[in-house]
Amino acid sequence: MSHVPQIKIPATYYRGGTSKGVFFRRQDLPEVAQEPGEARDNILMRVIGSPDPYGQQIDGMGGATSSTSKTVILDKSSVADHDVDYLFGQVAINKPFVDWSGNCGNLTAAVGAFAISGGLVDPERIPENGICTVRIWQKNIKKTIIAHVPITNGEVQETGDFELDGVTFPAAEVVIEFMDPADGEGSMFPTGNLVDDMEVPGIGTFKATFINAGIPTIFVNAEDIGYKGTELQKDINGNADELARFETMRAHGAVQMGLISDISEAVARQHTPKIAFVAPATDYEASSGKQISANAIDVCVRALSMGKLHHAMMGTASVAIATAAAVPGTLVNLAAGGGEREAVTFGHPSGTLRVGAAAEEVNGDWTAKKAVMSRSARVIMEGNLRIPGDSF
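Note that the structure is predicted; figures quoted are calculated from it, not measured. (Residues numbered from 1 in each chain as written. Predicted model: local features only at pLDDT ≥ 70, side-chain atom pairs only at ≥ 80, totals over all residues. Heavy atoms only, no water.)

Asker: Explain the overall build of the chain to me, and be specific about the residues and the numbers.
Answerer: Scanning the chain from terminus to terminus reveals 6 helices and 21 strands. In summary, the chain has a C-alpha radius of gyration of 20 Å against a globular reference of 21 Å for 392 residues, a match within 12%. Here the chain holds 392 residues, and the buried ones make up 55% of them. For the chain, contacts bridging at least 24 residues in sequence account for 63% of all contacts bridging at least 6. On the chain, roughly 16400 Å² of surface is accessible, and the fraction owed to carbon and sulfur atoms is 47%. (Helix = DSSP H or I, 4+ residues; strand = E, 2+ residues; numbered from the N terminus. Rg over C-alpha atoms; globule rule 2.2 N^0.38 Å. Buried < 20%, exposed > 50% of the residue type's maximum accessible area, 1.4 Å probe, protein only. Contact = heavy atoms within 4.5 Å. Areas by Shrake-Rupley, 256 points an atom, 1.4 Å probe, with all protein chains shown as cover.)

This is how it looks when you write it as structure tokens:
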């Protein structure tokens, strides 16, 4: 019996923000995977180690969490005044699919660095020392992102003293600007309301803010669903009934947002929308043991990603939080004390994060100008990945 040998694919394994993912230049993928389709999805699933009925991704690069089951494909940009095209694929852990419906804000922190190191940015735009401004076209959501990447002696600087809650070690700070983060195909608030009643048969009716900014997100009040807003992963992720309740709420919210036409479609769209719950600022102990003071934050937020409570906060959801906080009357804004604001500091399971956002009302419709946050990124490993040649 003959067996097909493994093939080698050049790749880089990055930590970006509080996520990790496998990065590829499109030109380095097998030719059959350089365009969207089944072959590309199969290759990325095999790289990550999915689908895995054991839920561990032992035979791949994934880490068995939504934060570590991620892939990125970069290419020289096809859009004027941009340096690089950024395509993100969220790989399901125990199911055979790759979700292309949204962006990963955390891994965005590594996109600029990889684009520079991978020769996708014009060398004339890279200073010998200073900050390189990388203009990113996010292909999943068709939005512009600007990454400000530190450069030392002509190379990306990865080490530094910037600390990010949810990441153990300090690194160099990367400032990211999400330009016009609201959904360009419709209202930032898809129902036309800042707060809606979300009816979930068999569970209840809840006040909800639906927003398309950064990533489609459903916000509900923690108190309304029996929580305090200070929960950690251990308080939710081991409870199958609670996770099923959140997924049911997410599915019904997705229909109300117009993202899907029937709740049955949610199973094939795990990456979006996100569901999160908010509460007024409260003292709590983060997952690291760090004490978070109510005086240090404006609001508590917890969010689920791919069916589990996130260990920190997704970068794209952070944009949604900041944008919603900037609009008086949303549930996030009200939990943060109401009024107008241009930045919010929120508490998440790993600590705190400050995000700036600018929103304005034009002819009765709200829009977001941009959201700004700091992240960090570094290369963990680079070289060649190997997968069986019959994987696709």
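That was the structure; now back to the text.
Asker: I'd like a description of the packing of aromatic side chains, backed by residues and values.
Answerer: Counted under the stated rule, the structure contains 6 aromatic pairs. Ring geometry for F23 versus F114: centroids 5.6 Å apart, planes at 65 degrees, classification edge-to-face. Remark: F114 occurs in helix α2 (residues 105–117) and F23 occurs in strand β2 (residues 19–25); sequence separation between them is 91 residues. You'll find F23 and F114 in the same group, each marked buried. Plain terms: the ring middles of Y227 and F277 are 5.3 Å apart, the flat faces sit at 20 degrees to each other, and that makes the pair stacked. (Phe/Tyr/Trp six-rings, centres within 6.5 Å; stacked < 30°, edge-to-face > 60°.)

Asker: Quick one: what's the story with the nonpolar core, residue by residue and with numbers?
Answerer: General note: in soluble globular proteins, nonpolar side chains tend to be found buried as a group. Membership of the largest hydrophobic core comes to 69 residues, with the highest contact counts inside it found for Y86, I116, V134, M188, F219, V301 and F346. If you tally residues by element for this core, the top one is α2, at 8 residues. Membership of the second largest hydrophobic core comes to 25 residues, among which are V200, A208, F246 and L309. (Core = buried A, V, L, I, M, F, W, Y, C linked by side-chain atoms within 4.5 Å.)

Asker: So what's going on with the environment of M313? Which residues, and what values?
Answerer: Along the chain, M313 turns up in the loop between β17 (308–309) and α5 (315–325). As for M313 and F346, which are separated by 33 residues in sequence, their C-alpha atoms are 9.8 Å apart. Other than its neighbours up to four places away in sequence, M313 contacts T18, N106, V301, R302, A303, S318, I321, F346, H348 and R375.

Asker: Can you break down the pairing of strand β13 (residues 274–280) residue by residue, with the values?
Answerer: By the criterion of burial, β13 is predominantly enclosed, with 6 of the 7 residues buried. Bridge analysis of strand β12 (residues 215–221) against β13 gives 5 bridges, and the strand direction is parallel. Across the sheet, residue N221 finds its bridge partner in β13, namely V278. Across 6 bridges, the pairing between β13 and strand β16 (residues 299–305) is antiparallel. Its bridge partner being in β16, A279 is matched across the sheet by C300. (Pairing = 2+ DSSP bridges.)

Asker: Please set out the pattern of salt bridges residue by residue, giving values where relevant.
Answerer: On inspection of all chains with the given rule, the structure shows 15 salt bridges. The shortest N-O distance in the salt bridge between K234 and D235 comes to 3.4 Å. The class for D235 is partly exposed, based on a relative accessible area of 39%. Close ionic contact of E360 with K369 constitutes a salt bridge, the shortest N to O distance being 3.5 Å. Since its relative accessible area comes to 32%, E360 is described here as partly exposed. A relative accessible area of 47% means that K369 is categorised as partly exposed. Because the salt bridges share partners, they merge into one network encompassing R26, E35 and D75. (Salt bridge = Lys/Arg side-chain N within 4 Å of Asp/Glu carboxyl O.)

Asker: So what about the pairing of strand β19 (residues 351–362)? Which residues, and what values?
Answerer: As judged from the 6 bridges shared by strand β18 (residues 343–348) and β19, these two strands associate in the antiparallel manner. Residue H348 lies in a different strand from β19, and its bridge partner there is G351. The antiparallel hairpin formed by β18 and β19 contains 2 residues in its connecting segment. The sheet contact formed by β19 and strand β20 (residues 365–375) spans 7 bridges and is antiparallel. Considered in β20, the bridge of G356 is made with V372. Remark: 2 residues form the turn of the hairpin made by β19 and β20, two consecutive strands paired antiparallel; N363 in that turn has positive phi of roughly 50 degrees.

Asker: Break down the environment of T272 for me, with residues and values.
Answerer: The topology assignment puts T272 in the loop between α4 (240–257) and β13. Under the relative-accessibility criterion, T272 is labelled buried at 0%. Apart from residues no more than four positions distant in its own chain, T272 is found in contact with D99, S101, G102, I215, P216 and R250. Within polar-contact distance, the side chain of T272 engages the side chain of R269 at 2.8 Å. (Polar contact = N/O pair within 3.5 Å; in protein donor to acceptor, adjacent residues only side chain to side chain.)

Asker: Which residues make up the environment of G315, and what values do they have?
Answerer: For G315, the location among the structural elements is in helix α5. Judged by its relative accessible area of 1%, G315 is buried. Residues G315 and I215, spaced 100 residues apart in sequence, show a C-alpha to C-alpha distance of 9.2 Å. Residue contacts for G315: discarding those within four places in its chain leaves G105, N106, M373 and R375.

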